[in-house]
Amino acid sequence: MKRTWLWTALILAASATVAQAQAAPSAAACPAAAPLTRGLDGALAHVRYLADDALEGRAVGTAGERCAAEYVAAQLHALGLRPVLAGGGYVQEFPVQMGRRPAPDVALSAAGRPLTRDWAPLGFSADGVVEAPGLYAHHGWSAPGAAGAHGAQHAHDASHVPPDSATGRVAVIHVEGPMDLHRAASRAAQRGAAAVVFVLDDAPLPDPSAELRPRLRIPVAAARGEAGRAVQTAARAGQPVRLALRLEPVTGSGHNVAALLPGTDAALRDEVVLVGAHLDHLGWGGSGSLAPEARAVHNGADDNASGVAAMLEIARRLARQPPARSVLFLGFGGEERGLLGSAHYTASPALPLENAVAMLNLDMVGRLNHDALSVLGVGTAREWREVVQRANARLAKPLQLTLGEDGFGPSDHSSFYGRNVPVLHFFTNPHEDYHRPSDDWEKINREGLARVIELASAVAREAAGGPRLTLVQGAGNPHGGAAMPAARGSGAYLGAMPDYAEGKDGVRITGVRAGSPAEAAGLQVGDVLVAFDGKPIADVYAYTYALRDHNPGDVVSIEVLRAGRRLTLRATLGER
């Protein structure tokens, strides 16, 4: 039991050590814990601090996320856990794209006439200068499967532009209703367009400074008003449209946290159990929010202040009596942006990943309802199912467990299973406040959270003290039936798990589900997917769009780079 005055002293002292070691801004800029956690202790106090409005939703790269990292580092330091990162600190920084801004010399002209207003580069545009005949594509090209047959166009696409006519031209696409501009421009690039200009009616020009999606391979801009009409007129007449675009990145720093509890057995202490949770949430909303129109702080009390609090309490429990193997406690930034922090950590680990015997991930564990807890990943080690069930049976009040085999899913454990580490993901299931401003600390089930912590602590202790787990690769439901909320495509399914780090020349495959179309086609972990059904794949967005553009049962060609060789495989897509 901690008193708030003691918390404050420990947090400030440890934060000073962290800041000095990391040359990070002082924790004095972060809100003090004592006023926020007065009258609370344990896990709920951690949730209360992390989910306060003062941290503004902990979006990766923001001061709020940094404050969360400093708080967690201070807590782990206060427990006596050791820093293991280069430089002797607890916080690992990694670069994060926060947006892009146009350079001063960007230019757009139509039929030789410079356009000086009512247009802007889009934040996912490539740099470059293109001057080519315009092609008026009206609403652009539809998804190949959207109307049933491949190559079919939307019924409202009145232009009937042949797919191959865009090659080397500037596609001018009129936007009259909702349209995913990134996807539409990506499809135009796949059709061979040299550049794209979207013509908007009354919608405001998109702000490139807020764009977070990967850049495409061609210049892309949006125009409206007089500029939009000029570009549209030029394109209808096949006259030249010229773009000279250059975007400067706006970058920030994301934050991971790492602290080690050394093992007690000299023969086993080099082996490590990882216990992790993601620090970040959605900030003020926007992309990813299920209340996208709400400009409000998304505090993420369950997602994932609850998981961080559980991780800290597991550290406190294990530190009282350390197990034979070492335990590394990890906090990740950037999970909401595509597992950025865990991807960075696995690429630059503090301790060798081949020494990692297991990874336990705690993501959304604060809303236990009807005693129901999902534990995913039990298929990734032969012993997991018995370990989890044995630990649950020892609880004073056992939980109602749903055990899932799958080692992949939209949370940080995927980054580790893709590196051959057995994983578990603890999750108390979806609720109506998920990714909404209403996910606040008052709604946390305190007693339920404590029971999850007790179970996860017992599992971690056994993994760190019992026989070494036996890795099972490719584990899981081939159709990816995870309980975690996740974006769904159109239904076509491949079963190859992509690396979510931003790519430029392909997408690295980090996992292949057993029994999936990807496995049947011969895809392997480590392959770099560079083309799908003849269309280039530069990043994970292009991979996602390619799947959405097809139907279950479609036979597609997949080109991959493997050990320096380019191979072409064929896959029959399945159904989710």
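It should be emphasised that the depicted structure is a prediction, and the values quoted were computed from it without experimental measurement.

Cut-off values and rules
Residues numbered from 1 in each chain as written. Predicted model: local features only at pLDDT ≥ 70, side-chain atom pairs only at ≥ 80, totals over all residues. Heavy atoms only, no water. Axes fitted to C-alpha atoms, helices over the stretch in contact; angles between N-to-C directions. Helix = DSSP H or I, 4+ residues; strand = E, 2+ residues; numbered from the N terminus. Parallel < 35°, antiparallel > 145°, perpendicular 65-115°, else oblique. Contact = heavy atoms within 4.5 Å. Nonpolar A, V, L, I, M, F, W, Y, C, P; charged D, E, K, R; others polar. Phe/Tyr/Trp six-rings, centres within 6.5 Å; stacked < 30°, edge-to-face > 60°. Buried < 20%, exposed > 50% of the residue type's maximum accessible area, 1.4 Å probe, protein only. Salt bridge = Lys/Arg side-chain N within 4 Å of Asp/Glu carboxyl O. Disulfide = S-S within 2.5 Å. Pairing = 2+ DSSP bridges. Left-handed = near helix turned anticlockwise from the far one by under 90°.

**Remarks on the packing of helix H5 (residues 181-190) against helix H13 (residues 540-548)**
- Relative orientation of the contacting elements H5 and H13 amounts to 85 degrees, with a least axis distance of 11 Å. What the angle tells us is that H5 and H13 run roughly perpendicular. Note on element contacts: H13 touches H5 through Tyr541, Tyr545 and Arg548, opposite His182, Arg183 and Ser186.
- Split into classes, the residues belonging to the contact of H5 with H13 amount to two nonpolar, two polar and two charged.

**Some points on the packing of aromatic side chains**
- Applying the stated criterion across every chain yields a total of five aromatic pairs.
- Summarising the aromatic geometry, the rings of tyrosine 49 and tyrosine 71 are spaced 4.4 Å apart at their centres and angled 15 degrees between planes, so their arrangement reads as stacked. Of this pair, tyrosine 49 sits in helix H3 (residues 42-50) while tyrosine 71 sits in helix H4 (residues 63-78), placing them 22 residues apart in sequence.
- The class of tyrosine 49 is buried, set by a relative accessible area of 3%.
- Judged by relative accessible area, tyrosine 71 falls into the buried class, the value being 2%.
- Taking 5.8 Å as the distance between ring centres and 45 degrees as the angle between the ring planes, the aromatic pair formed by phenylalanine 332 and phenylalanine 416 counts as tilted. With phenylalanine 332 in strand S12 (residues 326-332) and phenylalanine 416 in helix H10 (residues 413-417), the pair connects residues that are 84 residues apart, well separated along the chain. By the burial criterion, phenylalanine 332 is buried, and phenylalanine 416 matches it.
- The structure contains a cluster of three or more aromatic residues connected by ring pairs, namely Phe332, Tyr345 and Phe416.

**Regarding the pattern of salt bridges**
- Per the counting criterion, the structure on display carries 27 salt bridges.
- Aspartate 127 is the salt-bridge partner of arginine 215, the closest N and O atoms lying 2.5 Å from each other. Taken together, the residues span a long stretch of sequence, with arginine 215 in the loop between strand S7 (195-200) and strand S8 (220-223) and aspartate 127 in the loop between strand S4 (119-121) and strand S5 (128-138) at a distance of 88 residues.
- As a salt-bridge pair, aspartate 406 and arginine 513 come within 2.9 Å of each other at their nearest N and O atoms. Taken together, the residues aspartate 406 in the loop between strand S15 (400-404) and H10 and arginine 513 in the loop between strand S19 (507-512) and helix H12 (517-521) connect sequence positions 107 residues apart.

**Quick notes on the state of the cysteines**
- Counted under the stated rule, the structure contains one disulfide.
- Paired by a disulfide, cysteine 30 and cysteine 67 hold their sulfur atoms 2.1 Å apart. As the torsion about the S-S bond is roughly -90 degrees, the cysteine 30-cysteine 67 disulfide counts as left-handed. With cysteine 30 in the loop between helix H1 (4-22) and helix H2 (33-37) and cysteine 67 in helix H4, this pair connects stretches of sequence that are 37 residues apart. Across the pair, exposure class does not vary: cysteine 30 and cysteine 67 are buried alike.

**Here's the deal with the sheet that holds S12**
- Ordered by their spatial adjacency, eight strands build an open sheet running S1-S10-S12-S11-S13-S16-S14-S15, and the pairing between neighbours is mixed. The open sheet has two free edges, formed respectively by strand S1 (91-102) and S15, since each of these has just one partner strand. Between one strand and the next, the sheet's axes are offset by a mean angle of 20 degrees, whatever the strand orientation.
- Alignment of strand S11 (residues 272-278) against strand S13 (residues 356-362), held across five bridges, turns out to be parallel. Paired with leucine 274 across the strands is methionine 359, a residue of S13.
- Along the sheet face, helix H9 (residues 384-393) touches S13, strand S14 (372-376), S15 and strand S16 (423-427) and points at about 170 degrees away from the line of S15.

**Quick word on the pairing of strand S10 (residues 247-261)**
- The sheet contact formed by S1 and S10 spans 11 bridges and is antiparallel. When the bridges of S10 are listed, arginine 101 appears paired with glutamate 248.
- Sheet analysis places S10 next to S12, joined by five bridges and oriented antiparallel. Its bridge partner being in S12, alanine 259 is matched across the sheet by phenylalanine 329.

**So, unusual backbone geometry**
- In this structure, the amide linkage connecting aspartate 303 to the following residue, asparagine 304, adopts the cis form with an omega of 5 degrees.
- On the secondary structure map, asparagine 304 appears in helix H7 (residues 301-320).
- Positive phi values are uncommon outside glycine, yet asparagine 420 reaches one of about 65 degrees.
- Mapped onto the elements, asparagine 420 comes out in the loop between H10 and S16.
- For asparagine 420, a relative accessible area of 42% gives the class partly exposed.

**A closer look at the packing of H7 against helix H11 (residues 446-465)**
- Two numbers describe how H7 lies on H11: the axes approach to 9 Å, and their chain directions differ by 50 degrees. With respect to their mutual orientation, H7 and H11 come out oblique. Crossing of H7 over H11 shows right-handed handedness. Contacts between H7 and H11 pair Ser306, Ala310, Glu313, Ile314, Arg317 and Leu318 from the former with Leu449, Ile453, Glu454, Ala456, Ser457, Ala460 and Arg461 from the latter.

Honestly, it's all geometry; don't read function into it.
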